[in-house]
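Coordinates in review
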Amino acid sequence: MTTVNTPPGPDRARETPRRRRLAELAAGLLACCAAAAAAQQIPQPRLPTVQLGAGMHNIVAEVASTPQQRQIGMMMRTQMAQHEGMLFVFESPAQQCFWMRNTLLPLSIAFVADDGRIVNIAEMQARSDDTHCSAKPVRYVLEMNRGWFDKRGIKAGDRLRGKVFGDGNPAGR
């Protein structure tokens, strides 16, 4: 068997360090993209909580107050206790709209005014791109398991309690 070694041409020899740098850059970019994609496949770590009250019911709500926390929200979570939820806190009142693309649990969503009054409630299907918006500008949005508000007779116009709404006693006692 005869092996013929041909020396690299002038273009190949000159581009080897450059190609190596480009390959390293491409590999780094690919690794970043893969990490970002993987991050969207795992749920957000548990967030700090606040105590809220709704009628005679107590709620332990995780607080999503940063843009990143609000963007991830309940995505990729597979369970939530019946008395738990997630409170989204925005910097100022505005029309808030939510969807459920990567959310695995069906949820009920209450859009809440600064004083704790529920403006409107919507039922949301898991893994849906349907948008659900506040009927007027709100600063707070509370997500609970689907049907939570209805099962407890809580409706638009009712008031939630908690320090975040200026109440000192969320249990109302």
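Residues numbered from 1 in each chain as written. Predicted model: local features only at pLDDT ≥ 70, side-chain atom pairs only at ≥ 80, totals over all residues. Heavy atoms only, no water.

1. Here's the deal with the pairing of strand β5 (residues 107-112)
For a regular strand, side-chain orientation follows a simple rule: the groups alternate between the two sheet faces. Note the threshold: Exposure categories follow from relative accessible area, calculated using a 1.4 Å probe and restricted to protein chains: below 20% of the type maximum is buried, above 50% is exposed, and the middle band is partly exposed. Helix and strand definitions follow DSSP, with helices as H or I runs of at least four residues and strands as E runs of at least two, each counted in order from the N terminus. Two strands make a pair as long as DSSP finds a minimum of two bridges between them.
The buried fraction of β5 amounts to six of the six residues, a majority that puts the element mostly inside the structure. Of the two faces of β5, both are covered, the one formed by Leu107, Ile109 and Phe111 as well as the one formed by Ser108, Ala110 and Val112. Hairpin connection of β5 to strand β6 (residues 118-124): five residues between the antiparallel strands, including glycine 116 at a positive phi of 95 degrees. Examined bridge by bridge, β5 and strand β8 (residues 138-145) share six bridges and lie antiparallel to one another. Considered in β8, the bridge of valine 112 is made with tyrosine 140.

2. Quick word on the sheet that holds β8
Taken in spatial order, the seven strands of this open sheet run β6-β5-β8-β3-β2-β1-β9, and their pairing is mixed. One side of each edge strand has no neighbouring strand; the edge strands of this open sheet are β6 and β9 (160-161). Relative to strand β3 (residues 84-94), strand β2 (residues 57-64) runs parallel, the two being bridged by five bridges. Bridge pairing links glutamate 62 to methionine 86 in β3.

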